[in-house]
Amino acid sequence: MRKPIIAGNWKMNYTPSETHALLTQLLHFVQDALCDIVVCVPFLNIAAAKQALEGTNVHLGAQNMHWAEKGAYTGEISTEMLLAAGVEYVIIGHSERRQYFGETDDTVRLKVNKAMDAGLIPIVCVGERKEERLSGITDEIVSIQTKVALRDLTAEQVQGIIIAYEPVWAIGTGLTATDEQANETIGVIRKVVGELFGAETAQGIRIQYGGSMNERNAYGLMRQPEIDGGLIGGASLDAEKFSKVVHFEREP
Ligand code: PGA
């Protein structure tokens, strides 16, 4: 009932011409995909990606944005700029942004609100650090992150956003959460959404898993009932690998 959504997070990789080449190759493999597909490229590659993706089934995303309309925010990018460039999705609160660039649950909330007002679809990242999982507070951590991020939204708005559950210890490490761990924690996030916005919203919202998800483990993860998609880092940098994640229904 929830349409799966697979998104690539390219992080800080590739030039505009490399972007065009990779996407042209990718489009070849994913024309017949059954799920929604998004690629979140670096800001400077958005124009090249837009050109490559025009009229196709692959949607364009950015990896960050600022919550202000415009003004004296050196180095930042506004929602108006993203929309004008043809962007539809935006990753918000990725753990690398939280870890290296000082983003907090509160700045995540400001960005989510602004993205919704502007008409961008946020992919909101939540997830526990290794020591938090080891001390048994994973559920509390993801619950707080989810509550703060969604605090000002209506149930209708929440239905339209994407949450990505990304355990920090699994990102770029080759360590994936087990299918069951990912399913269980996503279930916790869905429960929180239900408590705040009602059962219908909880059943409608799409929640992805992210963290070393790739062409080998996508099949198993996507068979879990709570997991509605993936946010893919490393494996999205290779057209063939990413296309295999997109075709997660095919057994590897
Ligand atoms: P990874 O990254 O797939 O390389 O672990 C996922 C992410 O950071 O979104």
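Residues numbered from 1 in each chain as written. Predicted model: local features only at pLDDT ≥ 70, side-chain atom pairs only at ≥ 80, totals over all residues. Heavy atoms only, no water.

(A) The arrangement of the layout of surface pockets in detail. Size it by volume and the largest pocket reaches roughly 430 Å³. Contributing to the lining of the largest pocket are 14 residues, with K11, M12, Q63, R97 and F101 lying nearest its centre. When residues in the lining of the largest pocket are grouped by element, the largest group, 3 residues, is from helix α4 (residues 95-100). For the lining of the largest pocket, the class distribution of residues is 7 nonpolar, 4 polar and 3 charged. Within this model, the second largest pocket holds a volume of roughly 270 Å³. Class assignment for the residues of the lining of the second largest pocket results in 5 nonpolar, 6 polar and 5 charged. (1 Å grid on protein atoms, 1.4 Å probe; cavity = no way out; pocket = protein on both sides within 12 Å on 5 of 7 lines; lining within 4 Å. Points joined across faces, edges and corners; volume = space filled by probe spheres on them. Helix = DSSP H or I, 4+ residues; strand = E, 2+ residues; numbered from the N terminus. Nonpolar A, V, L, I, M, F, W, Y, C, P; charged D, E, K, R; others polar.)

(B) Here's a closer look at the site of the ligand. The ligand sits among 13 residues. The nearest are K11, H94, E166, G172 and S212. Between the ligand and K11, the relevant distance is 2.7 Å, taken from an oxygen atom to a side-chain nitrogen or oxygen of the residue. One of the backbone N or O atoms of G172 is found 2.7 Å from an oxygen atom in the ligand. About the coverage of the ligand: the protein hides 95% of its 290 Å² of free accessible area. Among the residues forming the shell around the ligand, the class breakdown is 4 nonpolar, 7 polar and 2 charged. (Near = heavy atom within 4 Å. Polar contact = N/O pair within 3.5 Å; in protein donor to acceptor, adjacent residues only side chain to side chain. Areas by Shrake-Rupley, 256 points an atom, 1.4 Å probe, with all protein chains shown as cover.)

(C) Layout of the packing of helix α1 (residues 16-30) against helix α2 (residues 46-53). In contact at an axis separation of 8 Å, α1 and α2 are set at 25 degrees when each is read in the N-to-C sense. As summarised for this structure, α1 and α2 are arranged roughly parallel, according to the angle between their axes. The handedness of the crossing between α1 and α2 is right-handed. On α2, the residues touching P16, T19, H20, L23 and L27 of α1 are A48, A49, Q51, A52 and L53. In the contact of α1 with α2, the residues fall into 7 nonpolar, 3 polar and no charged. (Axes fitted to C-alpha atoms, helices over the stretch in contact; angles between N-to-C directions. Parallel < 35°, antiparallel > 145°, perpendicular 65-115°, else oblique. Left-handed = near helix turned anticlockwise from the far one by under 90°. Contact = heavy atoms within 4.5 Å.)

(D) Layout of the pairing of strand β1 (residues 5-9). Within β1, 5 of the 5 residues are buried, which leaves it mostly tucked inside the rest of the structure. Every second residue of β1 is oriented toward a common face, with I5, A7 and N9 on one face and I6 and G8 on the other, all of them buried. In terms of strand pairing, β1 meets strand β2 (residues 36-40) through 5 bridges, oriented parallel. Across the sheet, the residue bridging to G8 is V39, located in β2. As for the winding sense of the linkage, the β-α-β connection from β1 through α1 to β2 is right-handed. Both β1 and strand β8 (residues 229-232) contribute to a ladder of 4 bridges, which runs parallel. The residue bridging I5 from the neighbouring strand is G229, located in β8. (Buried < 20%, exposed > 50% of the residue type's maximum accessible area, 1.4 Å probe, protein only. Pairing = 2+ DSSP bridges. Right-handed = clockwise from strand over helix to strand, strands pointing away.)

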